[in-house]
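Here is how the chains run, residue by residue.
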Amino acid sequence: MRWIDLHCDVLSKLWRDPDLSFYEEREETGLDVTYPRASRAGVGMQVFAIFVSPSVPRAQTWEAALAQVDLFYEKVVIGERQVFPVLDRSDVKRLGTDKRLGALLLLEGADAIQGELSHLRLLHRLGVRMVGLTWNYANEVADGIEEERGGGLTRFGRTFVQEMARLGIILDVSHLSVRGFWEVMEMTEVPVLASHSNCRAICPHRRNLEDDQIRALIQRDGLIGLTFVPKFLHPDPDQARVDDLFRHLDHLLELGAEHHIAFGSDFDGIDQKVPGLENTGDLPELEKLLARRYPEHLRIGCQRENAHRFLLKHL
Ligand SMILES: [Zn+2]
């Protein structure tokens, strides 16, 4: 295993376009993350987000989330020959020794839960092991980062997070409002990561983390998945380059995050790409660039070890 990727949106693409295939490689029209590419790049584990866009009417969101879980088992984890679902600690231990790709389910935004704790419990039974409380906007649980009023957790949201902690679900703070972030950090023992966020000090986008948030994640033994989204890398997305990713990485290192850095590509969730960082097939090239720039232990930590250790501790 060379890589763990903490975020991709393959499932929502598969849901929108039934003709796509995770096992086929197509240049222009296909998926960014495919099994052949992941296999060649040595991806040991890929997190698959269940994402229901705000354009889906509320009444259909739960059904849409379930449809994506179904696609995960029907089109990604096929017969467990090439891909296996990562459900518990013993699966995490197999990463690296098992030749197959580990696949972990994440719910991106609790909107589809529709305020029902039973839905959270059912998703856990179906294999979901990470949940982001919000996407960009408000839902029954909390406000997202693009919600102007900047509210935190609702009363239901607090109960929701307690239930997550009880079930052993990891909480993803990417997309969550700043106030929601701090309320999560104060209230629970639930394991916390940011699956796909960069540093606001380097690129002042709302979706990026402020330094004190990064420090809090370090203190909490959390994880920060640096992401390849151009607008989170550079204030002018057209100018975003791989070097910008290193600027964010260097900033995390300055803050003492050496053992808490990972990558969350957001492949298949983005239209614009950084040149040379356009799909999973570009990871070997990124590995070379990382090797040129950072000591081996640090590179391996960011590519896989930090995330592996985090998952061993928390799943
Ligand atoms: Zn996202």
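Quantities reported herein were computed from a predicted structural model and do not represent experimental measurements. (Residues numbered from 1 in each chain as written. Predicted model: local features only at pLDDT ≥ 70, side-chain atom pairs only at ≥ 80, totals over all residues. Heavy atoms only, no water.)

Things to note about the overall build of the chain
Scanning the chain from terminus to terminus reveals twelve helices and nine strands. Expressed as lengths along the three principal axes of its C-alpha atoms, the size of the chain is roughly 50 × 45 × 40 Å. Within the chain, buried positions represent 59% of all 315 residues. Looking at the chain alone, contacts between residues at least 24 apart form 70% of all its contacts between residues at least 6 apart. Total accessible area on the chain is roughly 12,800 Å²; 47% of this is exposed by carbon and sulfur atoms. Once the 38 positive and 49 negative side-chain charges of the chain are each reduced to a mean point, those two points are 4 Å apart. (Helix = DSSP H or I, 4+ residues; strand = E, 2+ residues; numbered from the N terminus. Buried < 20%, exposed > 50% of the residue type's maximum accessible area, 1.4 Å probe, protein only. Contact = heavy atoms within 4.5 Å. Areas by Shrake-Rupley, 256 points an atom, 1.4 Å probe, with all protein chains shown as cover. Lys, Arg positive; Asp, Glu negative; His and termini not counted. Charge placed at Lys NZ, Arg CZ, Asp CG, Glu CD.)

So, the coordination of the zinc ion
Coordination of the zinc ion by the protein is provided by Glu108 (OE), His175 (NE2) and His196 (NE2), with metal-donor distances spanning 2.0 to 2.2 Å. Within one chain, the residues serving as donors to the zinc ion are arranged as E-x66-H-x20-H. Placement of the pair is His175 in the loop between β6 (170-172) and α7 (178-187) and His196 in the loop between β7 (192-194) and α8 (211-219), with a sequence separation of 21 residues. Comparing His175 with His196, the two get one shared label, buried. (Donors = N, O, S within 2.8 Å, 3.2 Å for Na, K, Ca; no water.)

Structural notes on the packing of aromatic side chains
Scanning the model with the defined rule gives 13 aromatic pairs in all. A centroid spacing of 5.1 Å and a plane angle of 50° characterise the contact between Phe51 and Trp135, whose relative ring orientation is tilted. Within this pair, whereas Phe51 is found in the loop between β2 (43-50) and α3 (61-76), its partner Trp135 is found in the loop between β5 (128-132) and α6 (155-167), the two being separated by 84 residues in sequence. Since its relative accessible area comes to 11%, Phe51 is described here as buried. With 6.0 Å between their ring centres and 70° between their planes, Phe246 and Tyr294 make a pair best called edge-to-face. Within this pair, whereas Phe246 is found in helix α10 (residues 242-254), its partner Tyr294 is found in the loop between α11 (283-293) and α12 (296-314), the two being separated by 48 residues in sequence. The two residues Phe246 and Tyr294 agree in class, both being buried. Across the ring face of Phe84, the terminal group of Arg94 is positioned such that the distance to the ring centre comes to 4.5 Å. (Phe/Tyr/Trp six-rings, centres within 6.5 Å; stacked < 30°, edge-to-face > 60°. Lys NZ or Arg CZ within 6 Å of the ring centre and 35° of its normal.)

Concerning the packing of α10 against α11
When two helices pack together, their arrangement is given by the angle between the helix axes and the distance between those axes. Contact pair α10 / α11: the axes reach a minimum separation of 12 Å and the direction vectors enclose 50°. Looking at the two axes, α10 sits oblique to α11. As α10 packs across α11, the resulting crossing turns out to be right-handed. On α11, the residues touching Val242, Asp243, Leu245, Phe246, Leu249 and Asp250 of α10 are Leu286, Leu289, Leu290 and Arg293. Grouping the constituent residues of the contact of α10 with α11 by class yields seven nonpolar, no polar and three charged. (Axes fitted to C-alpha atoms, helices over the stretch in contact; angles between N-to-C directions. Parallel < 35°, antiparallel > 145°, perpendicular 65-115°, else oblique. Left-handed = near helix turned anticlockwise from the far one by under 90°. Nonpolar A, V, L, I, M, F, W, Y, C, P; charged D, E, K, R; others polar.)

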